[in-house]
Amino acid sequence: WDKIREHFDLLLSEGSPRRFDGETKNKHGERLILGVTISPLLDGSGRQVGIIGIFQDLTQYKRLEEEMARREKLATIGEMAAGIAHEIRNPLAALSGSIQALRHEVGDLSSENGRLLEIAIDEAERLNAIISQFLNYARPMPLSREWCDLSALLRDTLRLAEHCADYRETIQIHTNWIDPIHQWVDPDQIKQVFWNLIINAFQSMPDGGSLHISMRHVTRHRKEKDMRRGDAVEIRIEDTGEGISSEHLSKVFSPFFTTKSQGSGLGLAIVQRIVESHGGRVGVQSQGQGTIFTIYIPANEQKSETEAGTVGLRRSA
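Each value, and the rule that gives it
Residues numbered from 1 in each chain as written. Predicted model: local features only at pLDDT ≥ 70, side-chain atom pairs only at ≥ 80, totals over all residues. Heavy atoms only, no water. Helix = DSSP H or I, 4+ residues; strand = E, 2+ residues; numbered from the N terminus. Buried < 20%, exposed > 50% of the residue type's maximum accessible area, 1.4 Å probe, protein only. Phe/Tyr/Trp six-rings, centres within 6.5 Å; stacked < 30°, edge-to-face > 60°. Expected span 1.5 Å × (residues − 1). Arc of directions from axis to C-beta. Contact = heavy atoms within 4.5 Å.

J.: Looking at this structure, how should I read unusual backbone geometry?
T.: Residues other than glycine predominantly adopt negative phi, and peptide bonds predominantly adopt the trans conformation. Residue P180 is bonded to the preceding D179 through a cis peptide linkage, with omega at -15 degrees. Inspection of the secondary structure puts P180 in the loop between β5 (171–176) and β6 (182–185).

The following block contains the structure:
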């Protein structure tokens, strides 16, 4: 609104119409982008007696514009992927193998040379993981959908995550859903979504905290009007961690954007790509402390209730 006042003052001094865009939030705390036009209101003698303001909601238009820019960037990344795989991954494998052989020759890993070799092996593995993530993002695998219980997939992912290096015993995990919650999805890719978001939450709570995960069926309402689909499943992952600053909030799904010294900046970008490939969407909220990721996965229009029931009966037989 400071921008409106600034242009209002210019209109009063110059008398010419002003057009500008501004960003704010609606009553639900969601991002709202407005196009504003202010013009002088003149009486019959041409004297300015007021101001006419026109407000246009550009949120959807800007969202589509950002989506197109993201897709163009992804297409460029995809063209680079094959070259990167050939020029980096193959020499990296040879380098890693050579270091492994040298480590066996050194024998005493407590020596200075042994420690240097261990560092080299760890960094080679980290670089290989970054390249793998990059290729996974740039050249995604086609969906292999099954009629799955999302609650079972999430439980399995949580069990694995509780044994990873980023988990702390001071992190309390709370879950809230009613079994089963079936959906027509690619189970491996959806597990990757859960894994990336859970590990992201763990990393934001190095000193401990709480992780709340809920899942429920939702019907068409305000939050799903953009999907233009039927019923969906809402998955909400909320942590009490460090949070995301306002200037970074709009960039978290951008490829290679990260605030972590060891991060690749691809984890959340992969989450968004997988969710969107299922016809859904993912959003993020944070106000300085704590972060909430909300995923909507719509019911697949090609999968009828009859098919779902048939699969369910066959599996339970």
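After presenting the structure, the write-up continues.
J.: What exactly am I supposed to notice about the environment of G279 here?
T.: Within the fold, G279 resides in the loop between α7 (267–277) and β9 (281–286). Among the residues examined, G279 registers a relative accessible area of 23% and is labelled partly exposed. Expressed as a C-alpha distance, the spacing of G279 and I297, which sit 18 residues apart in the sequence, is 6.8 Å.

J.: Hey, could you run me through the packing of aromatic side chains in this one?
T.: The way to describe two aromatic rings as a pair is by their centre distance and the angle between their planes. The tally for this structure, following the rule as stated, stands at three aromatic pairs. Ring geometry for F253 against F293: centres 6.2 Å apart, planes inclined by 75 degrees, an arrangement best described as edge-to-face. Taken together, the positions of F253 in the loop between α6 (246–249) and α7 and F293 in strand β10 (residues 291–298) put the pair 40 residues apart, joining distant regions of the chain. No difference in accessibility class separates F253 from F293, as the two residues are buried.

J.: How should I be thinking about helix α4 (residues 150–161) in this particular structure?
T.: Each α-helix winds once per 3.6 residues, and so residues spaced three or four apart point in a common direction. With twelve residues, α4 extends 16 Å between its outermost C-alpha atoms, agreeing within 8% with the 16 Å of an ideal straight helix rising 1.5 Å per residue. All of the buried residues in α4 are L150, S151, L153, L154, T157, L158 and A161. For α4, the angular spread of the buried residues around the axis is 160 degrees, confining them to a single face. Against the buried residues of α4 lie β4 (146–149), β5, β6, α5 (187–203), β7 (209–218) and β8 (232–239).

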